[in-house]
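Summary of the model geometry
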Amino acid sequence: MDEARGTGPADARLTALGRRIAACRLCVQAPLRGPEDRLPHEPRPVAVLSSQARILIAGQAPGIRVHDSGQPFNDPSGDRLRTWLSVDRDTFYDPDRFAIVPMGFCFPGYDRHGGDLPPRRECAPLWRSEVMAAMPQISLVLAIGHHAQRWHIGADCPDSMTETVRRFRQYLDRNSGPSVIPLPHPSWRNSGWLNRNPWFADEVLPELRQRVALLMV
Ligand code: SF4
């Protein structure tokens, strides 16, 4: 966990919150589904909290490369996400520009097919509302994958991730809370989805880039 880099009261609150998250061992000590479902490695929460950024990247959970490096989106998925956003690495990792808060802070391990497990279900109920309350300046949430979309869109979120992304205009400029742009995971495993849904590149990405650019000036 990176510490908030400012010196104001909001930064002090975020630093204290970040330290509590960094010390969290819930998924080892008291997993929701019982001892058999214990996280199979030491927790290493990965997130970037910020008192300045107006854009929040709400991902799923770190993969093994991010678990090893401690740097979110430090992998080919991150390269594709930066292309979608039209930002370089320095801009992406500037905590005054982007906060990065996945739905599960720790790498959840692998399923029986060797794929990454979904975000730990313990994490969002324990931390997410407090994290969002500590970053009231966020005005745009990039909700990557269905777990993040369900949490940030709420009752209006369709069951289908494709349908949620297709309806992206509905979640912009809402009466309460930040705008949300739902995105598929930028993993190369989703290349087939991107090929089958060309409207994503034609309609969603231009709106995404325009909104991101406006919030970075
Ligand atoms: S995934 Fe979340 S709840 Fe589980 S140990 Fe990591 S920080 Fe704690």
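Preceding this section is the structure that the text describes.
Description of the structure in this document. (Residues numbered from 1 in each chain as written. Predicted model: local features only at pLDDT ≥ 70, side-chain atom pairs only at ≥ 80, totals over all residues. Heavy atoms only, no water.)

1. Observations regarding the overall build of the protein
Of regular secondary structure, the protein possesses 10 helices and four strands. Secondary structure elements of the protein occur, N-terminal to C-terminal, as α-α-β-α-α-α-β-α-β-α-α-β-α-α. Relative to its length of 217 residues, the protein is compact, with a C-alpha radius of gyration of 17 Å against a globular reference of 17 Å. Expressed along its principal axes, the backbone C-alpha trace of the protein runs to roughly 45 × 45 × 35 Å. Within the protein, counting contacts between residues at least 6 apart in sequence, those at least 24 apart form 68% of the total. Here the protein carries 27 positive and 24 negative side-chain charges, and the mean point of each set is 2 Å from the other. (Helix = DSSP H or I, 4+ residues; strand = E, 2+ residues; numbered from the N terminus. Rg over C-alpha atoms; globule rule 2.2 N^0.38 Å. Contact = heavy atoms within 4.5 Å. Lys, Arg positive; Asp, Glu negative; His and termini not counted. Charge placed at Lys NZ, Arg CZ, Asp CG, Glu CD.)

2. Overview of the site of the ligand
Near the ligand, the surroundings consist of Cys24, Leu26, Cys27, Pro43, Pro45, Phe105, Cys106 and Cys123. Counted by class, the shell around the ligand contains eight nonpolar, no polar and no charged residues. (Near = heavy atom within 4 Å. Nonpolar A, V, L, I, M, F, W, Y, C, P; charged D, E, K, R; others polar.)

3. A few points about the side chain of His146
Structurally, His146 can be placed in helix H7 (residues 145-153). Overall, His146 belongs to the buried group, its relative accessible area being 16%. Engagement of the side chain of His146 in a polar contact is seen with the backbone oxygen of Pro158, the distance being 3.5 Å. Setting aside anything within four residues of it in sequence, one finds His146 in contact with Gln60, Cys157, Pro158, Asp159, Ser160, Met161 and Thr164. (Buried < 20%, exposed > 50% of the residue type's maximum accessible area, 1.4 Å probe, protein only. Polar contact = N/O pair within 3.5 Å; in protein donor to acceptor, adjacent residues only side chain to side chain.)

4. What to know about helix H6 (residues 123-133)
Among the residues of H6, Cys123, Ala124, Trp127, Arg128, Val131 and Met132 are the ones counted as buried. Seen from one end, H6 has its buried residues packed into an arc of 125°, which puts them on one side. Away from the buried face of H6 by more than 90 degrees, exposed residues Pro125, Ser129 and Ala133 are located. Looking at the buried positions of H6, the neighbouring elements they touch are helix H1 (9-22), strand S1 (55-58), strand S3 (140-144) and H7. (Arc of directions from axis to C-beta.)

5. Here we look at the packing of helix H4 (residues 76-85) against helix H10 (residues 199-215)
Contact pair H4 / H10: the axes reach a minimum separation of 8 Å and the direction vectors enclose 80°. Compared by their axis directions, H4 and H10 come out roughly perpendicular. Along its contact with H4, which presents Thr83, Trp84 and Leu85, the element H10 presents Phe200, Leu205, Leu208, Arg209 and Val212. Here the contact of H4 with H10 is built from residues that sort into six nonpolar, one polar and one charged. (Axes fitted to C-alpha atoms, helices over the stretch in contact; angles between N-to-C directions. Parallel < 35°, antiparallel > 145°, perpendicular 65-115°, else oblique.)

6. Digging into the nonpolar core
Counting 30 residues, the largest nonpolar core has Ile57, Leu85, Leu142, Leu183, Phe200 and Val212 as its most contacted members. For this core, the elements supplying multiple residues, two or more each, are S1, H4, strand S2 (98-100), S3, helix H8 (161-166), strand S4 (179-183), helix H9 (191-196) and H10. Counting residues per element, this core draws most heavily on H10, at seven residues. One finds Leu49, Val101, Cys123 and Val141 within the second-largest nonpolar core, a separate group that totals 28 residues. (Core = buried A, V, L, I, M, F, W, Y, C linked by side-chain atoms within 4.5 Å.)

7. Focus on the pattern of salt bridges
For the structure on display, the rule yields 11 salt bridges. With a closest N to O distance of 3.8 Å, Arg169 and Glu203 form a salt bridge. Placement of Arg169 in the loop between H8 and S4 and of Glu203 in helix H10 is noted, with a sequence separation of 34 residues between them. According to the relative accessible area criterion, Arg169 is exposed, its value standing at 52%. By sharing partners, the salt bridges in this structure join Asp37, Arg120 and Glu122 into a single network. (Salt bridge = Lys/Arg side-chain N within 4 Å of Asp/Glu carboxyl O.)

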